[in-house]
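Commentary on secondary and tertiary structure
Each chain is listed here by its residues.
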Amino acid sequence: MSDFTEPLASILRPKNLDEFVGQRHLVGEGKPLSAMIALGAPFSLIFWGPPGVGKTTLAKIIARETARSFIELSAVSANKADVKKVLDQTKEQKTLMESYQAPVLFLDEIHRFNKAQQDFLLPSVESGQIILIGATTENPSFEVIAPLLSRMRVFVLYPLKDEELLLIIKKALKLLKIKKITKSSQDFLLNYADGDARKLLTIIDNAYALYANLKLESLKNALQSKQISYDKKGDEHYNIISAFIKSLRASDVDAALYYLARMIKAGEDPKFIARRMVIFASEDVGMAQPTALVVANEVFEAVMKIGYPEAQISLAHGVVYLALAKKDRGAYDAYFQALADVEKHGGLAIPLKLRNAPTRLMKDLDYAKDYQMYKPGKDEKMESYLPEKLQGKKYYLGKISKIKR
């Protein structure tokens, strides 16, 4: 049994960037957060990424390393009054102190604040009264109001790699005074964690507390124990939405409705479900049934206007339609093939005949020369308008109707 009085994840939480594991694109030498901390000049930002990848930890490190006080609120439980209390206190301090150091206000799950609550933060962020660090698992473009988003930088965090999780396992073993674990236990932990350090440390903590070892059987039993708490917005959130999309893709109406019901029962944000349906309509249904995008957008509009509980009916309507629709990923695949060529070749020269020629000089340089619009009824092979280097390249392989241009 463990002698520790606080969770393993709390004990092992890194206190500086040297101890931090993962997100090297942000915290590596010369990277944005390292540079910001070295300058001692933090700015308001948003961490966007899945659970258990270091969002809260990085916020605390930024505050500690830049000598700022740290105030933590969760948008799940905090209301406008809680935020106002913090802002009033900091405003008073700013007025009284000659050398004012704006504190870091960390707002977890910032996407759960409504427009009015987010608007309330604007003046304090703009004036430098606080350094606002928001954390979200949802796309900030959809969930954070534009005025606030424009005053903050967004940093994307990714699931931890296996080699990074192994480093955390080693730290946990050292703390628990366990010399080593079997390969099967290690693989089980990596598979279960799925890039989430908090999940990893929670199961280690529970297994050791229950069985005083990390044998494979102990880990499996601990996972089944009621003492394990599941993060509904973490593991289940991503598992269920994955099952939902795959059911739609397979045209399994019953399974898609079941996973929809699971998400709604768990309190999933209806806008999140509707957005995924809009994406699915273009990505997976595509040209096979173009009206799917119209239906999905109308479902999204309905969700925005009426909310729960009535919105569940509109969501179910859209799910049945999308599941039964024919599927074609041709447009999706074609676009990303074209994008790959853009990334590979860069900005290839636009053919002269396709360029705009609003001035005499441009016409003299042969801009728009030889360009002719296709006339109705003219039946000839369509010429390629691609740059010279890509002539003859085919991205979209689906059926193309004869368009008179």
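Shown above is the structure to which this text applies.
Computed from a prediction, not measured in an experiment: that's the story for all the values here. (Residues numbered from 1 in each chain as written. Predicted model: local features only at pLDDT ≥ 70, side-chain atom pairs only at ≥ 80, totals over all residues. Heavy atoms only, no water.)

Some details on the overall build of the protein chain
Let me state the cut-off plainly: Each helix is a run of H or I in the DSSP string that is no shorter than four residues. Each strand is a run of E no shorter than two, and both are numbered from the N terminus. Whether two residues are in contact is decided by their heavy atoms, any of which lying within 4.5 Å being enough. All accessible-area figures derive from a Shrake-Rupley calculation using a 1.4 Å probe, and residue coverage is judged against the displayed protein chains alone. By the counting rule applied here, Lys and Arg register as positive and Asp and Glu as negative, while His and the ends of each chain are not counted. Note on charges: their place is set at NZ of Lys, CZ of Arg, CG of Asp or CD of Glu.
Along the backbone of the protein chain there are 19 helices and five strands. Each principal axis of the C-alpha distribution contributes one length, and for the protein chain these read about 85 × 60 × 45 Å. Considering only residue pairs separated by 6 or more positions, the protein chain has 71% of its internal contacts joining residues 24 or more positions apart. Accessible surface, the protein chain as shown: approximately 23,400 Å² in total, 55% of it carbon and sulfur. Treating the 59 positive side-chain charges of the protein chain as one cloud and the 48 negative ones as another, the clouds have centres 3 Å apart.

Here's the deal with the pattern of salt bridges
Stated precisely, the cut-off is as follows: One side-chain nitrogen of Lys or Arg within 4 Å of one carboxyl oxygen of Asp or Glu is enough to make a salt bridge. With a 1.4 Å probe rolled over the protein chains alone, any residue whose accessible area is under 20% of its type maximum counts as buried; one over 50% counts as exposed, and the rest are partly exposed.
For the structure shown, the criterion picks out 12 salt bridges. The partner of Lys 393 in a salt bridge is Asp 341, with the nearest N and O atoms 2.6 Å apart. A residue pair is termed long-range when its members are at least 10 positions apart, and Lys 393 in the segment after α19 (360-364) and Asp 341 in helix α18 (residues 330-345) qualify at 52 residues. Owing to a relative accessible area of 8%, Asp 341 belongs among the buried residues under this scheme. Via salt bridges that share partners, Arg 249, Glu 283, Asp 284 and Arg 329 belong to a single interconnected network.

Description of helix α12 (residues 216-224)
The following threshold applies: Read the arc as the range of directions from the helix axis to the C-beta atoms.
Buried residues of α12: Ser 218, Leu 219 and Ala 222, and no others. When α12 is viewed along its axis, its buried side chains cluster within an angular range of 100° and face the same direction. For α12, the exposed residues lying more than 90 degrees away from the buried face are Glu 217 and Gln 224. Buried-residue contacts for α12 involve α10 (183-193) and α11 (197-211).

Side note on the pairing of strand β3 (residues 104-108)
Test applied: One bridge is not enough; two strands pair if DSSP finds at least two bridges between them.
Extensive coverage of β3 is indicated by the burial of four of its five residues. Of the strand pairs in this sheet, strand β2 (residues 70-74) and β3 are connected by five bridges, and their pairing is parallel. Note on β3: the bridge partner recorded for Glu 72 is Phe 106. Where β3 and strand β4 (residues 131-136) come together, five bridges link them in parallel fashion. Bridging from a neighbouring strand, Asp 108 pairs with Ala 135 of β4.

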